[in-house]
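A look at the structure
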Amino acid sequence: MTRSPEMKRQRRAALRAMGSLVLLLRAPQVLAKPKPTVGNADGSLAPLATKPAPAPAPAPTPAPAAAAASHPAGGNSNIVAVRVWPADAYTRVTLESDKPLAAQHFVVEAPDRLVIDVEGLELSPGLRELLGKVKADDPFIAGVRVGQNRPRVVRIVLDLKQPVAPQIFTLAPVAAYQNRLVFDLYPKVETDPLLALVREKEKAESAAAQSVQDALGELIARIDKPKSVAVTVATAPVPLPAPVPVPGGINATGPAKPSAPAASSATANTGPVQTPVPAPPLPPAASSPAITAAETSLAQAKLDRLIVIALDPGHGGEDPGAIGPTGLREKDVVLAVALQLRDRLNSNPNIRVMMTRDADFFVPLQERVRKARRVQADLFVSIHADAFVTPKARGASVFALSDGAASSQTARWMANKENAADLVGGVNVNTAVKDAHVLKALLDMSTAAQIKDSLKLGSEVLGQIGRVGNLHKRAVEQAGFAVLKAPDVPSILVETAFISNPEEEAKLRDPDYQARLVAALATGIARYFAKNPPLARHRPLS
């Protein structure tokens, strides 16, 4: 059959159309399909709303600059350790990790909670360990909850027992520690330390009077005599070291003249006495509206008669101090010595001791000075235990502040070592900057009189310590110890022994040696007061 040219042309056109259809069916992705549109009210066109397809998983993107600085190696951080340091002054929570952490926080009221979002973390056994670290007697934390708030962000919720003023900051690796994220929980309203001293004194006197009455009751029960017979009991005071008279009616074993008949008759060294009347009750807390003018006046009078001694056990908490060959930590032994010395000094009704720390927690150097100045302490004694690069170093030392160069290379080395405690213990530099300026001003204000009194105190203490063990130097040394920079408080730093020396470490561990050391320190303090009576002070209650 012969096809005309027209029929051939139509056949070729039909084949081309069929080829295009096959191409369209086999490769629809190569054709751009127009989006359906819908008319807007104003007559313009807009794409028709369609259900979006699920987006593919995004590829990892570089973190912002701030986050990159916090996570330089990329990925999540691993928790190395979790530590909680509870204390009446404040509670510290520390998260130690292999990489720096960043955190944001906010406080929620009714009930009080602190919420902390920690970036760069996933829930892990190390972090869950925090739940078991909080003790029931923690003054600030009632409980802890931990959860994964969102990817790479862990939320920590601290249920609080009281309103807090939190400080949250990071610490770079130092000493044996890696990166640390620190939560410090301070009370919103700081307690008055002077009122606390008065209340402590009243409590001790009430306990002493009660013990006398209890003994009297037992005695009456044993005596088969008419109740009208007058009964007397002899009481013996808790002795301090050998009696050393102090002008103003105070001596090392107790008061020669009772400052308050009802309160001190139980401890006065005067032989048989009538049964004392119980001490009046303590005034309510400073925040209570029930305080009367008479109660405030009574507390003020008791406070003005007190000799206040600030005892400062070195290091603590995150800062263990020096560590002996068998693992004895400086912070533990100096706390044990300071607590015994506190009890011995407090047995004198005219003396009250303020401890910069009475448990295992860290106190920054400038805070130790501030605590002593807040109670207008008559003395400041910081207790430490030496360590040196060689175990052969031995003997006790006493240091006072120097307003110039250190008295020896050893004194300068010791001052530098002790002044580095803030780096290990961990100080919030955001709040410490202005305090550093204050400390510098205090140092500039330091007078020759203060250093002179410190040298007198150090000489008395050093002489008594020399009766107990070896001395590293037989004279009081001087250096720029930051903890001695209170301009109006005679201050010494006692290095009890070289804990790095195996023999002296064993002595520091021995309770008998600790008792003799405490007796020597108390005697040195008593002898100082005997020759340098404390000035009358008016310490106003806040």
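For the structure given in this document, a descriptive report is provided here.

Pairs may arise between side chains of opposite charge once their charged atoms sit close together. This structure, assessed with the given rule, holds 20 salt bridges. Taking the shortest distance from any N to any O, the salt bridge between Arg 83 and Glu 318 comes out at 2.9 Å. A residue pair is termed long-range when its members are at least 10 positions apart, and Arg 83 in strand β3 (residues 79-85) and Glu 318 in the loop between β14 (307-313) and α8 (330-346) qualify at 235 residues. In this structure Glu 318 comes out as buried when scored by relative accessible area, which is 1%. Glu 460 is the salt-bridge partner of Lys 531, the closest N and O atoms lying 2.7 Å from each other. A residue pair is termed long-range when its members are at least 10 positions apart, and Lys 531 in helix α15 (residues 511-531) and Glu 460 in helix α13 (residues 448-465) qualify at 71 residues. Taking relative accessible area as the criterion, Glu 460 reaches 14% and is therefore assigned buried.

What follows is about the environment of Gly 463. With respect to the secondary-structure elements, Gly 463 resides in helix α13. When its relative accessible area of 40% is taken as the criterion, Gly 463 is described as partly exposed. Gly 463 sits 13 residues away from Val 476 along the chain, and the two C-alpha atoms are 9.8 Å apart.

The subject of this paragraph is the packing of aromatic side chains. For the coordinates displayed, the defined rule picks out 4 aromatic pairs. Members of the aromatic cluster, joined through ring pairs, are Tyr 90, Tyr 186 and Phe 361.

Turning our attention to α13. In an α-helix, one turn spans 3.6 residues, which is why side chains three or four residues apart end up on the same side. The end-to-end C-alpha distance of α13 is 25 Å, a good match for the 26 Å that 18 residues give at a rise of 1.5 Å each. Within α13, burial applies to Gln 450, Ile 451, Ser 454, Leu 457, Gly 458, Glu 460, Val 461, Leu 462, Gln 464 and Ile 465. Along its buried surface, α13 packs onto β16 (379-386), β17 (397-401), β18 (477-479), β19 (491-498) and α15.

This part is about helix α9 (residues 365-374). When α9 is considered as a whole, its buried residues turn out to be Leu 365, Gln 366, Arg 368, Val 369, Lys 371 and Ala 372. At the exit of α9 stands Gln 376, carrying a positive phi of roughly 50 degrees.

Turning our attention to the sheet that holds β19. In space, the 6 strands of this open sheet follow the order β15-β14-β16-β19-β17-β18, with mixed pairing throughout. Each having just a single partner strand, β15 (351-355) and β18 make up the two edges of the open sheet. Put simply, the sheet's adjacent strands are angled 30 degrees from each other on average, direction ignored. Here helix α10 (residues 409-419) sits on the sheet and contacts β16, β17, β18 and β19; the angle it forms with β18, its principal contact strand, is near 50 degrees. Against the sheet, α13 touches β16, β17, β18 and β19, its axis set at about 175 degrees to β17.

Criteria and thresholds
Residues numbered from 1 in each chain as written. Predicted model: local features only at pLDDT ≥ 70, side-chain atom pairs only at ≥ 80, totals over all residues. Heavy atoms only, no water. Salt bridge = Lys/Arg side-chain N within 4 Å of Asp/Glu carboxyl O. Helix = DSSP H or I, 4+ residues; strand = E, 2+ residues; numbered from the N terminus. Buried < 20%, exposed > 50% of the residue type's maximum accessible area, 1.4 Å probe, protein only. Phe/Tyr/Trp six-rings, centres within 6.5 Å; stacked < 30°, edge-to-face > 60°. Expected span 1.5 Å × (residues − 1). Contact = heavy atoms within 4.5 Å. Pairing = 2+ DSSP bridges. Axes fitted to C-alpha atoms, helices over the stretch in contact; angles between N-to-C directions.

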